[in-house]
Amino acid sequence: MNNLRPFHLAVPVKDLNETRIFYREVMGFEEGRSSDRWVDFNFYGHQFVIHMVDEKADAEVNPVDGHAVPVPHFGVVLSWGDWEKLSERLKAADIHFIIEPYIRFEGQVGEQATMFFLDPSGNALEFKAFRNDADIFSK
C-alpha cells in the first residue's frame, strides 16, 4: 500500500455551514478551497468535498452482524490507536452512533474495531481499524 494515491470523494449535503463545522470542528479535518456551494477537506490525506444540494435521498440499510448498516457509507481504515482516539473524541462531542464503537471478529482473522455515525446532512460514515493491517483483504 506504499504507492496508494489519494482518492477524491464528493458527497451531497443539505446545510453547507452546519456540515462544514462538523467536519472542521468535530472531525478535525483541515479545510481547503471552498465556494458558496462546496468545501474541500483533507480527509486523512484524501480529497473530500461536501456539495450543497437542494434535495438529498435517504440511505438504505443492509443487515450485517445483527446491525442495520447504512448504504452507502464511507470512511477510513485507521490505526488501532487513532481509531480509539477518534471514538473518544466523538463520544465527548455527544455524537449519536448508528452503530456504537465495538470489536468485530474478536480473536479471529480480520479482527476489527468499527463505528458508524451520520454527519449533519445524513451521510453515513464508518471508521474502522484492523488489529493486523495485513488482514484487511483476508478471506
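To be clear, the structure that these remarks concern was listed above.
Now for a quick tour of the structure. (Residues numbered from 1 in each chain as written. Predicted model: local features only at pLDDT ≥ 70, side-chain atom pairs only at ≥ 80, totals over all residues. Heavy atoms only, no water.)

**Observations concerning the overall build of the chain**
Helices and strands together make up the secondary structure of the chain, namely two helices and 11 strands. Reading the chain from its N terminus to its C terminus gives the helix and strand order β-α-β-β-β-β-β-β-β-α-β-β-β. The C-alpha atoms of the chain give 15 Å as radius of gyration, which agrees with the globular expectation for 139 residues (14 Å, within 12%). Along the first, second and third principal axes, the C-alpha atoms of the chain reach 50 × 35 × 30 Å. Counting every position in the chain, which comprises 139 residues, the buried fraction comes to 37%. Counting contacts in the chain only where the partners sit at least 6 residues apart, residues at least 24 apart contribute 53% of the total. Carbon together with sulfur atoms contributes 49% to the accessible area of the chain, which is approximately 8400 Å² in total. Considering the chain, the positive charge centre built from 14 side chains and the negative charge centre built from 23 side chains are found 4 Å apart. (Helix = DSSP H or I, 4+ residues; strand = E, 2+ residues; numbered from the N terminus. Rg over C-alpha atoms; globule rule 2.2 N^0.38 Å. Buried < 20%, exposed > 50% of the residue type's maximum accessible area, 1.4 Å probe, protein only. Contact = heavy atoms within 4.5 Å. Areas by Shrake-Rupley, 256 points an atom, 1.4 Å probe, with all protein chains shown as cover. Lys, Arg positive; Asp, Glu negative; His and termini not counted. Charge placed at Lys NZ, Arg CZ, Asp CG, Glu CD.)

**Digging into the pattern of salt bridges**
One pass over the full model with this rule turns up eight salt bridges. When salt bridges that share partners are traced, they join R20, R24, E25 and E31 into one network. (Salt bridge = Lys/Arg side-chain N within 4 Å of Asp/Glu carboxyl O.)

**Thoughts on helix α1 (residues 16–26)**
Within α1, the full set of buried residues consists of L16, T19, R20, F22, Y23 and V26. Backbone nitrogen of N17 and a side-chain oxygen of the N-cap are separated by 3.2 Å at the start of α1; the cap is D15. The positive-phi residue at the C-terminal boundary of α1 is G28, with phi of around 80°. (Polar contact = N/O pair within 3.5 Å; in protein donor to acceptor, adjacent residues only side chain to side chain.)

**Thoughts on the side chain of D40**
By the secondary structure assignment, D40 is in strand β3 (residues 38–43). In contact with D40, not counting residues within four places along its chain, are E30, E31, G32, R33, Q47, F48 and V49.

**Some remarks on the packing of aromatic side chains**
One pass over the full model with this rule turns up 16 aromatic pairs. Arranged with centres 5.0 Å apart and planes meeting at 80°, the rings of F22 and Y23 form a pair that is edge-to-face. In this structure F22 comes out as buried when scored by relative accessible area, which is 5%. Considering the side-chain rings of F43 and F48, the 5.2 Å spacing of their centres and the 35° angle between planes classify their relative orientation as tilted. An identical accessibility class is assigned to F43 and F48; each is buried. (Phe/Tyr/Trp six-rings, centres within 6.5 Å; stacked < 30°, edge-to-face > 60°.)

**Concerning the sheet that holds strand β2 (residues 30–34)**
One open sheet holds the four strands; their spatial order is β1-β4-β3-β2, and the pairing between them is mixed. With partners counted over all chains shown, the strands left at the sheet margins are β1 (8–13) and β2, one partner each. Going from strand to strand, the sheet's axes swing by 25° on average, the running direction of each strand aside. Of the strand pairs in this sheet, β3 and strand β4 (residues 46–52) are connected by six bridges, and their pairing is antiparallel. Paired with D40 across the two strands is V49, which belongs to β4. (Pairing = 2+ DSSP bridges. Axes fitted to C-alpha atoms, helices over the stretch in contact; angles between N-to-C directions.)

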